[in-house]
Amino acid sequence: MLSACAQATPQSAPPAFATPEVTYDAQGRCFGRDVTPAVLQTVTVQVPDQPAVTAPDGTVIRPATYRTETRQEITRERQEVLFQTICPPDQTVDFVQSLQRALKTRGYYLGPITGALDPETNAAIRAFQRVSGHDSTLIDIKTARALGLTVLSQEQLDRG
């Protein structure tokens, strides 16, 4: 069988919560909108099945019996998170190269400095931000500043 004749395996789309969204406000600032999934925990508990039977003098005739129940509990609800981010037009090759270097210096990015927001760069952004409780591949403006990165307008650059 020739591989060219085989049908391609369809790629499934990522779930909605995995795709961050960028919106603009009236001042032209960008905000990332991300949905964090709920966090579940498996809990195992002993539940009384039958109470103990005791004699009038307090002697246990038949001890209590218990059954084990295991269930899922939500430890953190699904949340929508809104945060200021770097606007896509400002995520230039130079900016992303600086971002990659900053993440590489801190041990989060191990790839080459390409200036591309590739999966390895996104994973490094997410890992770095996760330490501060922000779990997204969109770079939070606070994270960019913590990495020593800021976006300057042409006017700011001209003023030097």
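For the structure itself, look to the data block above.
Residues numbered from 1 in each chain as written. Predicted model: local features only at pLDDT ≥ 70, side-chain atom pairs only at ≥ 80, totals over all residues. Heavy atoms only, no water.

Asker: Looking at this structure, how should I read the nonpolar core?
Answerer: In globular proteins that are soluble, nonpolar side chains generally tend to be buried together. With 15 residues, the main nonpolar core has Ile86, Leu99, Leu103, Ile139, Leu147 and Leu149 as its most contacted residues. Those elements that place two or more of their residues in this core are helix H1 (93–105), helix H2 (119–130) and helix H3 (141–146). With five residues, the top contributor of residues to this core is H1. Each residue touching leucine 147, except ones within four places of it in the same chain, is listed here: Leu99, Ala102, Leu103, Arg106, Phe128 and Ile139. (Core = buried A, V, L, I, M, F, W, Y, C linked by side-chain atoms within 4.5 Å. Buried < 20%, exposed > 50% of the residue type's maximum accessible area, 1.4 Å probe, protein only. Helix = DSSP H or I, 4+ residues; strand = E, 2+ residues; numbered from the N terminus. Contact = heavy atoms within 4.5 Å.)

Asker: Teacher, can you tell me more about the environment of arginine 126 here?
Answerer: Position of arginine 126 relative to the elements: it lies in helix H2. Sequence-wise, arginine 126 and tyrosine 108 are 18 residues apart; in three dimensions their C-alpha atoms are separated by 9.4 Å. Residues within four places of arginine 126 in sequence aside, it is in contact with His134, Asp135, Ser136 and Thr137.

Asker: Could you clarify how one ought to interpret the pattern of salt bridges in this entry?
Answerer: Oppositely charged side chains can form a pair if their charged atoms are brought close together. Counted according to the given criterion, the structure contains eight salt bridges. One salt bridge in this structure joins aspartate 49 and arginine 67, with 3.3 Å as the shortest N-O distance. Here arginine 67 lies in strand E6 (residues 65–76) and aspartate 49 lies in strand E3 (residues 39–50), a separation of 18 residues in the sequence. The class for aspartate 49 is partly exposed, based on a relative accessible area of 46%. One salt bridge connects glutamate 69 with arginine 67, and the closest N-O pair in it is separated by 3.0 Å. Taking relative accessible area as the criterion, glutamate 69 reaches 28% and is therefore assigned partly exposed. (Salt bridge = Lys/Arg side-chain N within 4 Å of Asp/Glu carboxyl O.)

Asker: Would you mind showing me how to read the packing of H1 against H2 here?
Answerer: Relative placement of two packed helices is described by the angle separating their axes and the distance separating the axes. Put simply, H1 and H2 touch, their axes get as near as 10 Å, and they point 55° apart. As judged from the angle between their axes, H1 and H2 are oblique. Note that H1 runs across H2; the crossing there is left-handed. Taking contact as the criterion, the partners of Leu99, Gln100 and Leu103 in H1 are, on H2, Thr121, Ala124, Ile125 and Phe128. (Axes fitted to C-alpha atoms, helices over the stretch in contact; angles between N-to-C directions. Parallel < 35°, antiparallel > 145°, perpendicular 65-115°, else oblique. Left-handed = near helix turned anticlockwise from the far one by under 90°.)

Interpretation in functional terms is not warranted from these geometric data alone.
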